[in-house]
Each structure stands twice: as structure tokens, then as C-alpha cells.
Amino acid sequence: MKSTPTPAFDPALDPTLHPNSDAGTSRDAIGLGQVAGEGLNTRHGTILTLENISVSFDGFKALNDLNLYIGVGELRCIIGPNGAGKTTLMDVITGKTRPSHGTAWFGETLDLTKMSEVQIAQAGIGRKFQKPTVFEALSVFENLELAQKTDKSVWASLRAKLSGEQRGRIDEVLETIRLTASMSRQAGLLSHGQKQFLEIGMLLVQDPQLLLLDEPVAGMTDAETEFTAELFKTLAGKHSLMVVEHDMGFVGTIADHVTVLHQGSVLAEGSLEDVQADERVIEVYLGR
Ligand SMILES: Nc1ncnc2c1ncn2[C@@H]1O[C@H](COP(=O)(O)OP(=O)(O)O)[C@@H](O)[C@H]1O
Ligand SMILES: [Mg+2]
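Calculation rules
Residues numbered from 1 in each chain as written. Chains lettered and ligands numbered in written order. Predicted model: local features only at pLDDT ≥ 70, side-chain atom pairs only at ≥ 80, totals over all residues. Buried ≥ 20, exposed ≤ 12 C-beta atoms within 10 Å, placed from the backbone. Helix = DSSP H or I, 4+ residues; strand = E, 2+ residues; numbered from the N terminus. Pairing = 2+ DSSP bridges. Near = placed C-beta within 6 Å. Nonpolar A, V, L, I, M, F, W, Y, C, P; charged D, E, K, R; others polar. Axes fitted to C-alpha atoms, helices over the stretch in contact; angles between N-to-C directions. Contact = placed C-beta atoms within 7 Å.

## Quick word on the pairing of strand β8 (residues 240-244)
Step number 1: With five of five residues buried, β8 is to be regarded as a mostly interior element.
Step number 2: With burial as the criterion, each face of β8 is covered, one bearing Ser-240, Met-242 and Val-244 and the other bearing Leu-241 and Val-243.
Step number 3: Sheet analysis places strand β3 (residues 75-79) next to β8, joined by four bridges and oriented parallel. In the strand pairing of β8, Leu-75 is matched with Leu-241.
Step number 4: When strand β7 (residues 210-214) meets β8, the two strands line up parallel, connected through five bridges.

## Quick look at the site of ligand 1
Step number 1: Phe-57, Ala-62, Gly-80, Asn-82, Gly-83, Ala-84, Gly-85, Lys-86, Thr-87 and Thr-88 make up every residue found near ligand 1.
Step number 2: The leading source of residues in the shell around ligand 1 is helix α3 (residues 86-93), at three residues.
Step number 3: Broken down by class, the residue content of the shell around ligand 1 amounts to three nonpolar, six polar and one charged.

## Some points on the sheet that holds β8
Across a sheet, paired strands are connected by hydrogen bonds in the backbone, their directions being either parallel or antiparallel.
Step number 1: Within the open sheet, the six strands sit side by side as β6-β7-β8-β3-β9-β10. Their pairing is mixed. Each end of this open sheet is capped by a strand with a single partner; those strands are β6 (125-128) and β10 (265-270). If you compare each strand with its neighbour and ignore which way they point, the axes differ by 20° on average.
Step number 2: Contacts from α3 reach β3, β6, β7, β8 and β9 (257-262) within the one sheet, and its direction differs from that of β7 by about 150°.
Step number 3: Set on the sheet, helix α12 (residues 279-286) makes contact with β9 and β10; between it and β10 the angle comes to about 125°.

## Observations regarding the sheet that holds strand β4 (residues 101-106)
Step number 1: Taken together, four strands build an open sheet; the order of strands is β2-β1-β4-β5 and the sheet is antiparallel. The outermost strands of the open sheet, each flanked by one partner alone, are β2 (60-71) and β5 (110-111).

Below is the structure:
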């Protein structure tokens, strides 16, 4: 096994950071080389730093000089009217869209604007899209197994003896998403909400440090929405979460910090009560 370089920071100072013990080797396997051994340096308590980000589509600015900072372990909600730039923001963070201006750092040292989508996912940013994309013909367990292997296929095939550890993580995730009793069930037979939970589980088995979730409770029953709120509150702290959601009741339940996007920029930030009382936010939502 390769030796990993000594991190340039003291992980003991950062109790929320859980560096993956296989980080160096698995990332070496897909050619990430020096990013690999460093772990994620979050010395200043900020996991994501976006500064002066602009994205232009044929001259139209979907994001316009946007600044956003997400703390380690934070649960941040992003709200804003349709077309505000919420999805584009997630596209920039995951490397799907390149900003025409600005900087995007994951931790202190990873420049997201220079990494591929695969590298960004491997570095620890997981994204859940609105529509669940589970493999309906496979069982719940197999879906989780596949998600875990897809991420680390080379690693998994090289070190089959880790399967006990991987199995343990899958069992843990099954508990977290409350699907232990359904683990042998075909995923296609799950309710819409359970499919959403399974997909969150498929991210969790990859141990992401930052989770991006686009409208996670759309189409869920009240009970499922309630469980999602509980789940996210449990995940915060261990992970950092960025949640785009229209359901204000849900936002009010989970978020202590809300960012309002409008025309590609941050219009307001603070508690939900604060931003809802903000005249500029009221204007944007009520079109006054
Ligand atoms: N690929 C694209 N080409 C041209 N315009 C786009 C593209 N993607 C998004 N836009 C535009 O950018 C703006 C922001 O879109 P989006 O990020 O999807 O907003 P939101 O998710 O907040 O509804 C919208 O006006 C949208 O039409
Ligand atoms: Mg959107």
C-alpha cells in the first residue's frame, strides 16, 4: 500500500472531518494523484467557498457575481423564484458548468473550476437530482452495493477483502434511511418517497462530505417529508448539506440559515424569519 503524504493541517483540530482512510489509494487509482493524500483541508471551518461566480449563456447571466460560503457540517437551504439560478449553482459546484468568472473552492485546497465531474464526486461532493434514478429491477441492497462500487470500482476490485467494511457501511445506511426491512425488496416496488430515500442512501454509501439536494421533498407525503427533515438534521454535522427547496414549511423545519437567490445573485441571507421579513425578498416573491 502506498504511503500517503502527511496532511498540511492537523485533523485533530477539525473534529467534523472524517478523512476516508482509503482516500489516497482509491483516488490514485483513477489518477487524482496529489489531491488524494491531502484529505479535505477545512481549517477555517468553510467547506465551500464561491466568490464572484458568473455564468453566461449567450450573454445572459444565469449567475451574476455570486458569493456563497458553506460551513463544515452546515445545513443550508437555498430558495428563490424560478430562474434564479439555483440549478446552475449546483451545476457549477459539481463541474457540470464552468463559470466564466470567479473562484470555487472545496475546502482550502481543491479548485472546483479545474476538476472534472468525476474528480469532484470522488473528492466528496454528492448530488441528488430531483427525479429518483434508482435501478428499479434491482433490490434495495443491490442498488446501494452498486452505488458504492461505481464510485470505487478499481479500488473494490483491487481490495475485495474490504467487503466486510463495505457491507457494514451499507447496513448502517439502510438503518439511516429506514429501509433495513426492505433491503431485499425490488426498488421498483418502493413508494416514491422510499425511492428518494434510497437515492440519498446511494450517495451516503460513498461518504460524501458535501451533499447537494435539489427539491428533495417534491411529491412526498407529509409523513415522508417529516422523515426527510429528521434525516437531514441527523446528517448535518457529519456532512454539510445544501438543499434547494420550495416548500417553506420544510425549509422552516430544517434550516437555521437560508440563502435567497434572485437573478443569479444572493439577495438575502439569514434565518428564514429574517429573510421572509426582508422587503426585497417580499418584492421578489410577490412581484410588487
Ligand atoms: N443551458 C442553458 N442555456 C441557456 N440558458 C440557461 C441554461 N441553463 C439555465 N439557463 C437559464 O438560466 C437561468 C437560471 O436557470 P436555473 O439555474 O435553472 O434556475 P432555477 O433552478 O433557480 O429555477 C434561467 O433563466 C434559465 O432559463
Ligand atoms: Mg432549478
